[in-house]
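Single-letter residue listing:
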Amino acid sequence: MSEAVAIYSTLSKQKEPVTPGPEGVVRIYACGPTVYGRVHIGNARPYIVFSVLKRFLERRGMRTLFVSNLTDVNDKIYVAAREQGISSSELAENCSEAYVEDTDRLGLGRPDLEPRVTESMPEIIDVIQTLVDKGLAYAAGGDVYFRVDRFARYGALSGRDLDEMVSNEPGEGKENPLDFALWKGRKPDEDTWWESPWGDGRPGWHIECSAMSVTALGRDFEIHGGGLDLAFPHHENEIAQSEGATDERMAQIWMHNEMLELSGDKMSKSVGNIALLHEVLDEWPAEVVLAYFLRAHYRSKLPFSDAHLADAAEVCERIRNGARAIDRAMGSPGEATNPQLARALVAARRDFYAALDDDFGTPGAFAALFDLIRAINQAVEGDRPTAGQLQEVRRELVEMLDVFGLAGLAKGEGAVPAEVIDLLAEREAARDARDFERADVARDQILELGFELRDTPEGPQVYPR
RNA sequence: GGCGACGUGGCGAAGCUGGCUAACGCGGCGGUCUGCAAAACCGUUAUUCGCGGGUUCGAGUCCCGCCGUCGCCUCCA
């Protein structure tokens, strides 16, 4: 393994080394969803990218603390709840549960903390108070706004010049149209609100992340992530709030994932028929969805379609067959170590981690994985490795797959039903009698029972499909 | 209009601190294995990286222009 993990930062526009913070922990904050409906497939990208990043850093021997929030107070939630005729808190609660449920199905584990806005009100009010005290924010007609022209670095993340920016966001009491809301006074048609020094109301969209990140991770944490679409204004505003309040850097690396291209014929944002994550997971196994996302670099736009998922399914199948080849060979291993396989294992391991070290290059890591798979297949067909070598290769393969949450692809298959065993025997008898018609009937019956038959040097094998 | 990203084979996708024969996967084609398949293996599938210039001994990789696609521009992951 090389010495350093580097990640591209949107702020510095270059790759920067990931250096663990105090107590050797890499602290990661990634903006989570606003819960006003079931999350769509695009929302899954940051969840997957940052969850897998955490898994990778830990495999690399680092300790991590990964925090991803749920925004459960927001204009969209009020609107959606009104449309559905339920209270906004009920909608937010339902959608929060659904989000956890849907993303759980990806099998990547949960972030270490998933704070919610509704549970972070004291911290939020605290940060706002600090900003008001420091003259960086002001109350106006029940609202509180951030004075953008008091924060010199405003625009640094998104490369915007304050003088050239135009705002069309309403706000009666604003000093400057570009000032953004930290606190919004209660409106008559809003059914949830909190008390504050500036009157009843609720937090603005950006302040929650400043408050929750500093509460959970402290100042100057290592990685702040989210979708690229959040860079402006959300992250720009977070920086202004957090750094304005603490006079310290908010985060070292600003890591943004590119967007999914959801503009295919079958769906469009304007039509609102974007595939929902849970629907996709009803159609495809989690491994397929993970392979689909991870085969592309996180900073690349990624087109979404059934054809792409079908492609990812083939990718998974090839990996699965590689693991099966090892297991099959274990039944009749060789006498000596296979040197080609030994070399391939070293190379795959090196290339896999080198690719990830360099700006989380998951596509390159996949390439390394496939190089290993080919070497495995070659070895199983050629000079059979020893059982010990097979075991070692299997262990390493599973370890790499596990970084991506794909270890399930190398899981041994479950027991084969007696019915299938009987048919298998029947087919063998038929083949011995050279009655291939009967043999093929048995094979078709096995297929109907959900198993695929493959003849191998070790005799016929059946695999679930 | 402003800011930014990107255009690599039939498809997806690496490479882009310039220099071995342009990774890897899917698909196609030919072969091996098989009774036939499936899986796997072997070979093949871009003299070429949107187009046009330039810099350089040398560029997909740097610079300029053009064409095209996309994201953001005050609450979209």
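These numbers come from a predicted model, not from an experiment.

Parameters at a glance
Residues numbered from 1 in each chain as written. Chains lettered and ligands numbered in written order. Predicted model: local features only at pLDDT ≥ 70, side-chain atom pairs only at ≥ 80, totals over all residues. Heavy atoms only, no water. Helix = DSSP H or I, 4+ residues; strand = E, 2+ residues; numbered from the N terminus. Buried < 20%, exposed > 50% of the residue type's maximum accessible area, 1.4 Å probe, protein only. Contact = heavy atoms within 4.5 Å. Areas by Shrake-Rupley, 256 points an atom, 1.4 Å probe, with all protein chains shown as cover. Pairing = 2+ DSSP bridges. Axes fitted to C-alpha atoms, helices over the stretch in contact; angles between N-to-C directions. Parallel < 35°, antiparallel > 145°, perpendicular 65-115°, else oblique. Nonpolar A, V, L, I, M, F, W, Y, C, P; charged D, E, K, R; others polar. Phe/Tyr/Trp six-rings, centres within 6.5 Å; stacked < 30°, edge-to-face > 60°. Lys NZ or Arg CZ within 6 Å of the ring centre and 35° of its normal. Salt bridge = Lys/Arg side-chain N within 4 Å of Asp/Glu carboxyl O. Near = heavy atom within 4 Å. Polar contact = N/O pair within 3.5 Å; in protein donor to acceptor, adjacent residues only side chain to side chain. Domains from an automatic or database assignment.

Undergrad: Before we move on, could you go through the overall build of chain A and cite the residues and values that matter?
TA: What chain A contains, in helices and strands, is 14 helices and 14 strands. If one aligns the C-alpha atoms of chain A with their principal axes, the spans along those axes are about 90 × 50 × 35 Å. Out of the 465 residues in chain A, the part that is buried amounts to 52%. Partitioning the intrachain contacts of chain A with sequence separation of at least 6 by distance along the chain shows that 76% fall at a separation of at least 24. When the accessible surface of chain A is totalled, it reaches about 21000 Å², and 48% of it is carbon and sulfur.

Undergrad: Would you mind going over the sheet that holds strand E10 (residues 251-257) in detail, with residue names and values included?
TA: Ordered by their spatial adjacency, 4 strands build an open sheet running E4-E3-E9-E10, and the pairing between neighbours is parallel. Strand pairing shows two members of the sheet lacking a second neighbour, strand E4 (63-68) and E10, which therefore form its edges. Between one strand axis and the next, the sheet turns by 20 degrees as a mean value, whatever way the strands run. Bridge count for strand E9 (residues 221-227) against E10 is 6 bridges, and the pairing is parallel.

Undergrad: Could you give me a rundown of the packing of helix H4 (residues 121-133) against helix H5 (residues 207-217), with the residues and numbers involved?
TA: In the contact formed by H4 and H5, the axes pass within 9 Å of each other and the chain directions differ by 105 degrees. Between H4 and H5, the interaxial angle falls into the category roughly perpendicular. Touching Glu123, Ile124, Val127, Ile128 and Leu131 of H4 are Ile207, Glu208, Ala211 and Thr215, all from H5. The residue makeup of the contact of H4 with H5, split by class, is 6 nonpolar, 1 polar and 2 charged.

Undergrad: Would you mind going over the sheet that holds strand E6 (residues 143-146) in detail, with residue names and values included?
TA: Spatially, the 4 strands line up as an open sheet ordered E5-E6-E7-E8, and their pairing is antiparallel. Looking at the sheet topology across the chains shown, the edges are occupied by strand E5 (137-140) and strand E8 (201-203). When strand polarity is set aside, the average angle formed by the axes of neighbouring strands in this sheet is 20 degrees. Bridging between strand E7 (residues 180-185) and E8 involves 3 bridges; their strand directions are antiparallel. Looking at E8, one finds that Trp183 is bridged to Pro203. This element, H4, spans E5, E6, E7 and E8 of the sheet and lies at about 120 degrees to E7.

Undergrad: Provide a residue-level description of the packing of aromatic side chains, including the pertinent values.
TA: The tally for this structure, following the rule as stated, stands at 15 aromatic pairs. Taking the centre distance of 6.5 Å and the plane angle of 70 degrees together, the rings of Phe146 and Phe151 count as edge-to-face. For Phe151, a relative accessible area of 7% gives the class buried. Taking 6.2 Å as the distance between ring centres and 55 degrees as the angle between the ring planes, the aromatic pair formed by Tyr298 and Phe360 counts as tilted. With Tyr298 in the loop between helix H8 (286-294) and strand E12 (302-303) and Phe360 in the loop between helix H10 (339-357) and helix H11 (362-381), this pair connects stretches of sequence that are 62 residues apart. Clustering of aromatic rings is evident, with ring pairs tying together Phe352, Tyr353, Phe366, Phe370 and Phe404. Over the ring of Phe232 we find Arg160; its NZ or CZ atom is 4.1 Å from the centre of that ring. The aromatic ring of Tyr8 is capped on one face by Arg299, whose charged end is 3.9 Å from the ring centroid.

Undergrad: So, H5: which residues are in play, and what are the values?
TA: Among the 11 residues in H5, 8 count as buried, and that is most of the element. Considered for burial, the residues of H5 that qualify are Ile207, Glu208, Cys209, Ser210, Ala211, Met212, Ser213 and Leu217. Directly after H5, the chain includes Gly218, whose backbone phi takes a positive value near 90 degrees.

Undergrad: Give me the lowdown on the pattern of salt bridges, citing residues and values where you can.
TA: Using the criterion set out here, one finds 43 salt bridges in the structure. Arg454 is the partner of Glu452 in a salt bridge, and the nearest nitrogen-oxygen pair spans 3.3 Å. Its relative accessible area of 24% is what places Glu452 among the partly exposed residues. Using a relative accessible area of 21% as the deciding quantity, one classes Arg454 as partly exposed. Members of the salt-bridge network, linked through shared partners, are Glu317, Arg320, Arg324, Glu413, Glu452, Arg454 and Arg465.

Undergrad: An account of the protein's contact with RNA strand B is needed here, citing residue identities and associated values.
TA: Taken together, 60 residues surround RNA strand B, and among them Lys184, Gly227, Leu230, Gln378 and Glu452 come closest. Sugar and phosphate atoms represent 62% of those atoms of RNA strand B found within 4 Å of the protein. Note that a phosphate oxygen of RNA strand B is positioned 2.8 Å from one of the side-chain N or O atoms of Ser300. In the environment of RNA strand B, a base oxygen lies 2.7 Å from a nitrogen or oxygen atom belonging to the side chain of Arg443. It is H11 that contributes the most residues to the surface near RNA strand B, 8 residues altogether. In the surface near RNA strand B, the residues fall into 21 nonpolar, 15 polar and 24 charged.

Undergrad: Explain the environment of Asn338 residue by residue, including any values.
TA: Mapped onto the elements of the fold, Asn338 is located in the loop between helix H9 (306-330) and H10. Assessed through its relative accessible area of 4%, Asn338 is described here as buried. Each C-alpha atom of the pair Asn338 and Leu70 lies 51 Å from the other, and the pair is 268 residues apart in sequence. Residue contacts for Asn338: discarding those within four places in its chain leaves Ala379, Asp383, Pro385 and Gln389. A distance of 2.9 Å separates the side chain of Asn338 from the backbone oxygen of Asp383, its partner in a polar contact.

Undergrad: Give a detailed account of the domain arrangement of chain A, specifying residues and quantitative values.
TA: Domain boundaries assigned for chain A yield domain 1 (6-277), domain 2 (305-410) and domain 3 (418-464). For domain 1 and domain 3, the distance between their C-alpha centroids amounts to 56 Å.

Undergrad: Could you give an account of the environment of Gln389, with specific residues and numbers?
TA: Within the secondary structure, Gln389 sits in helix H12 (residues 387-403). For the pair Gln389 and Thr337, spaced 52 residues apart in sequence, the C-alpha separation works out to 6.5 Å. Beyond its immediate sequence surroundings of up to four residues, Gln389 is in contact with Thr337, Asn338, Leu341 and Ala342.

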